[in-house]
Amino acid sequence: MDLHVSGQSSVRRRFGWLATYAAGVFAFLYLPIVVLILYSFNREGVGGFPPRHLTLDWYRMLASDGAILDAVVNSLLVALAAVAIALALGLPAALALDRVAFPGKALFRRLVLLPLILPGIITGLSLLMLAVFAGMKLSLLTVIIGHGTALISVGTTEISAGLQKMDRAQEEASLDLGASYWRTFWRVTLPNLRLPLVAAGLLIFTLSMDEIAVSFFLIGRDNTLPLEIWGRLRRGLTPEINAVSTIIFLASVGLILVWYRLRTRS
Amino acid sequence: MSIQNRDTHLTQPQEAPKAPEKAAAGEPLLQIRSVAKSFGPRTVLRDVSLDVAPGEFLTILGESGSGKTTLLRLIAGFERPDTGEIWMGGERLDRLPPHRRQVNTVFQHYALFPHLSVFENVAYGLRAQGVAKAEIAQRVEQALAMVKMSAYAGAAPSKLSGGQQQRVALARALVNRPLLLLLDEPLSALDANLRRQMQWELKMLQREVGITFLFVTHDQDEAMALSDRIALLRAGELEQIAAPREIYNRPSTAYTAQFVGQTNLLRAEVVDGVARWGAFSWPCEGRPGPATFSLRPEHIRLVSPADPDDQQTVRFLATIGQQTFCGDTDLIEISCADGRVLQVRTPSRRILEGQCAFAFSASDAVRLHDAEES
């Protein structure tokens, strides 16, 4: 009995240490974000701690700031286009990796996944050189191409995971019932990939929304939101930026939660 | 109520396929000729030939790894044979893609489409073939009624129990009126009671629709309960093909005798028309030399001294060993005077002890063909 109790308490003590450690790590991760969110409601702006007067003024200023709103629209545009490109190219790549045995497959797999590991600077710089070489003017289009190609790997990995979980007997059943290969793809394979496709889309969207490195090299006159923020930061920290960052943070958390739920469901 | 499938024979060509071999009833529906299949270094099927008669319920029986599922997948078209040919109704089947074959499959884990309702699952094949809408509705309803699933037409497959999914899978295959229905261990995922019930329903259904069933299982009881004929597959080769009673009562090899039911294998010596196994001897025709006999446990019976004998009866005394109660029967291990052990199955009545008199009939000791090799 005594032994049992002391055993339990030692477990509790160890758990206590672990909890303290975990709390420390979480504080390190999230305290800055909490401070940022707090300051976005602080009338005195970034000066003066602790915040004394709460206000929504900075959000009102934000709503009437044309440059920021333009940047938001640009970012949404880039992100949606990047999702379209990455999924349209990632799906065939994932299918090829899952279904077809071809020479150099291992190499192909690594090459497709490489941009995931490659520093954004390298991707951005190389795409910039390509654009210059091809005589393309830098604009949102070059950013879209950059994001799209850099994020194909994300689409491929997500869809590959979905394909691996898929019951192949369903496709055989479809063929067995007289549906052609093409019809089977549209009626069985694709509907089965609905969740991984949506999940991949959400992840690509969020990644594109806050991408800086690749965008930095490829941007023309129209700024994306992260670049706009970064540009303003050079002129000093303003509470308005705290406000827009808070909104981005909340939207990202929302999207990631949706992505995570879809992923566990599939 | 039943799907009218008798008209399917009209779609078969009148001309006979080349080199027809003898089959149970006239022209075989399906002919498998010297089919072999390997996956890499692993040979799964070697030289399998098999005819299936129209309307037959044929079971391919074998332990796991015997190649039975591969054989089914070759017929369905999911795999291609390395060598050999498969013919169905005068048409070379093994060169057609799966969706061009008049063959439907009930998959082991049903493989229902989770994103479609029960109705749409069953309608899937008809839609793919471009059947008119009104006819689709009518045929799907018929098929669902046939498997008693009409009430679930709008349900999602994930909401159904295993047995219900099984029925939907059957309806989805049968609604297309295939010439041949392939069933890949369709009952293996069901619990024992449901399984027995589905076996019975499957048999009734097959008689009702008259479609040829090719059924794969590793369960010999299931095979015997359902089939017109059983094809026993062993390590990629056909061991024996015969009606269930034939294969049980007249197994041709020791493997068959042991796989289909339980048996005692007696390694005897045949001399001058008499088989000798230890102290036992019984009249036996055929080639002299070593021979293996199969003697089913239920063919050895308890006798009393008063029981009449004939020339065929082999009497002996033995000591009762382990006695296992199996409900309707007892399985008893007995030791003969020379120490040889036999399994005996008797109607279960009482616990036996000491020495008892047993007898079997010489005609029940079946001489096996592979005796000379073993």
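Thresholds, definitions, all that
Residues numbered from 1 in each chain as written. Chains lettered and ligands numbered in written order. Predicted model: local features only at pLDDT ≥ 70, side-chain atom pairs only at ≥ 80, totals over all residues. Heavy atoms only, no water. Pairing = 2+ DSSP bridges. Helix = DSSP H or I, 4+ residues; strand = E, 2+ residues; numbered from the N terminus. Axes fitted to C-alpha atoms, helices over the stretch in contact; angles between N-to-C directions. Domains from an automatic or database assignment. Buried area = accessible area lost by both parts, 1.4 Å probe. Salt bridge = Lys/Arg side-chain N within 4 Å of Asp/Glu carboxyl O. Polar contact = N/O pair within 3.5 Å; in protein donor to acceptor, adjacent residues only side chain to side chain. Nonpolar A, V, L, I, M, F, W, Y, C, P; charged D, E, K, R; others polar. Buried < 20%, exposed > 50% of the residue type's maximum accessible area, 1.4 Å probe, protein only. Contact = heavy atoms within 4.5 Å. pLDDT = per-residue confidence, 0-100. Patch = residues over 30% accessible without salt bridge, like charges linked within 9 Å, V, L, I, M, F, W, Y side chains within 5 Å. Areas by Shrake-Rupley, 256 points an atom, 1.4 Å probe, with all protein chains shown as cover.

Considerations on the sheet that holds strand β9 (residues 229–234) of chain B
Residue and element names in this part refer to chain B.
Piece 1. Reading across from one edge, β6-β7-β8-β3-β9-β10 is the order of the 6 strands in this open sheet, with mixed pairing throughout. At either margin of the open sheet sits one strand with a lone partner, and together these are β6 (103–106) and β10 (237–242). Each neighbouring strand pair of the sheet contributes to a mean axis angle of 20°, computed without reference to strand direction.
Piece 2. Bridge analysis of β6 against strand β7 (residues 180–184) gives 4 bridges, and the strand direction is parallel.

Quick look at the domain arrangement of chain B
All names here are of chain B.
Piece 1. Along its sequence, chain B is carved into domain 1 (2–254) and domain 2 (262–373).
Piece 2. Centre-to-centre, using C-alpha coordinates, domain 1 lies 39 Å away from domain 2.
Piece 3. Of the roughly 790 Å² buried between domain 1 and domain 2, counting both surfaces, carbon and sulfur atoms make up 50%.
Piece 4. Between the two partners, domain 1 and domain 2, sit 0 salt bridges.
Piece 5. Along the contact surface separating domain 1 from domain 2 lie 4 residue pairs in polar contact (both at pLDDT 80 or more).
Piece 6. For the side of domain 1 that touches domain 2, the per-class residue count stands at 4 nonpolar, 3 polar and 1 charged.

A look at the environment of A:Leu203
Residue and element names in this part refer to chain A.
Piece 1. Relative to the helices and strands, leucine 203 is located in helix α10 (residues 194–209).
Piece 2. You can call leucine 203 buried: its relative accessible area is 16%.
Piece 3. Sequence separation between leucine 203 and aspartate 222 is 19 residues; the distance between their C-alpha atoms is 24 Å.
Piece 4. Each residue touching leucine 203, except ones within four places of it in the same chain, is listed here: Val154, Glu158, Ile256 and Trp259.

Points about the confidence of the model for chain B
All names here are of chain B.
Piece 1. Taken as a whole, chain B shows an average pLDDT of 88; of its residues, 92% reach a score of 70 or greater.
Piece 2. Low confidence marks residues 1–25, where pLDDT is under 50. Its contacts with residues over four positions away, or in another chain, come to 45 contacts.
Piece 3. Listed scores for the predicted complex are pTM 0.78 and ipTM 0.82.

Describing helix α6 (residues 140–150) of chain A
Residues and elements named next belong to chain A.
Piece 1. Burial runs high along α6: 8 of the 11 residues are buried.
Piece 2. When α6 is considered as a whole, its buried residues turn out to be Leu140, Thr142, Val143, Ile144, Gly146, His147, Gly148 and Ala150.
Piece 3. In this fold, the buried residues of α6 make contact with α3 (66–99), α4 (105–117), α5 (120–134), α7 (152–165), α10 and α11 (213–218).
Piece 4. At the N-terminal end of α6, a side-chain oxygen is found 3.1 Å from the backbone nitrogen of leucine 141, two or three residues along, and the residue is serine 139.

Notes on the sheet that holds strand β12 (residues 274–277) of chain B
Residue and element names in this part refer to chain B.
Piece 1. An order of β13-β12-β11-β14-β20 is seen for the 5 strands of this open sheet, with the pairing classed as antiparallel. Two strands in the sheet have a free side with no partner beyond their single neighbour: β13 (280–283) and β20 (366–367).
Piece 2. Relative to β20, strand β14 (residues 289–295) runs antiparallel, the two being bridged by 2 bridges. Bridging across to β20, serine 294 finds its partner in valine 366.

Here's the deal with the interface of chain B and chain A
Accessible area lost upon the coming together of the parts is a frequently used measure of interface size.
Piece 1. Residue-level contacts link 23 residues of chain B with 19 residues of chain A.
Piece 2. Taken over both partners, the interface formed by chain B and chain A buries close to 1700 Å², and the fraction arising from carbon and sulfur atoms is 58%.
Piece 3. Of all residues in chain B, B:His99, B:His115 and B:Tyr124 give up the largest surface area on contact with chain A, accounting jointly for 35% of the area buried on that side.
Piece 4. Across the chain B-chain A interface, the total number found is 6 residue pairs in polar contact (both at pLDDT 80 or more).
Piece 5. Considering every element that reaches the side of chain B that touches chain A, the biggest residue donor is helix α2 (residues 118–128) of chain B, with 4 residues.
Piece 6. Class assignment for the residues of the side of chain B that touches chain A results in 13 nonpolar, 7 polar and 3 charged.

Comments concerning the pairing of strand β3 (residues 57–61) of chain B
Residue and element names in this part refer to chain B.
Piece 1. For β3, the buried fraction is high: 5 of the 5 residues fall into the buried class.
Piece 2. Of the two faces of β3, the one holding Phe57, Thr59 and Leu61 and the one holding Leu58 and Ile60 are both buried throughout.
Piece 3. Examined bridge by bridge, β3 and strand β8 (residues 212–217) share 5 bridges and lie parallel to one another. Pairing of leucine 58 across the sheet is with leucine 214, part of β8.
Piece 4. Pairing geometry for β3 and β9, over 4 bridges, is parallel. Looking across to β9, one finds that isoleucine 60 is bridged to alanine 231.

Here's the deal with the packing of α3(A) against helix α12 (residues 225–233) of chain A
Residue and element names in this part refer to chain A.
Piece 1. Following both chains from N to C, one finds α3 and α12 inclined at 145°, their axes separated by 7 Å at the closest point. Facing α3, whose interface residues are Ala67, Ile68, Ala71, Val72 and Ser75, α12 presents Leu225, Pro226, Glu228 and Arg232.
Piece 2. Taken together, the residues of the contact of α3 with α12 break down into 6 nonpolar, 1 polar and 2 charged.

Some thoughts on a nonpolar patch on the surface
Residue and element names in this part refer to chain A.
Piece 1. A contiguous nonpolar patch, built from Leu107, Leu111, Leu114, Leu116, Ile117, Leu118, Ile121, Ile122, Leu125 and Met129 and spanning about 960 Å² of accessible area, is present on the exposed surface.
Piece 2. At 5 residues, the largest contribution of residues to the nonpolar patch is made by α4.
Piece 3. Along the polypeptide, leucine 125 turns up in helix α5.
Piece 4. Classification of leucine 125 by relative accessible area gives partly exposed; the value is 38%.

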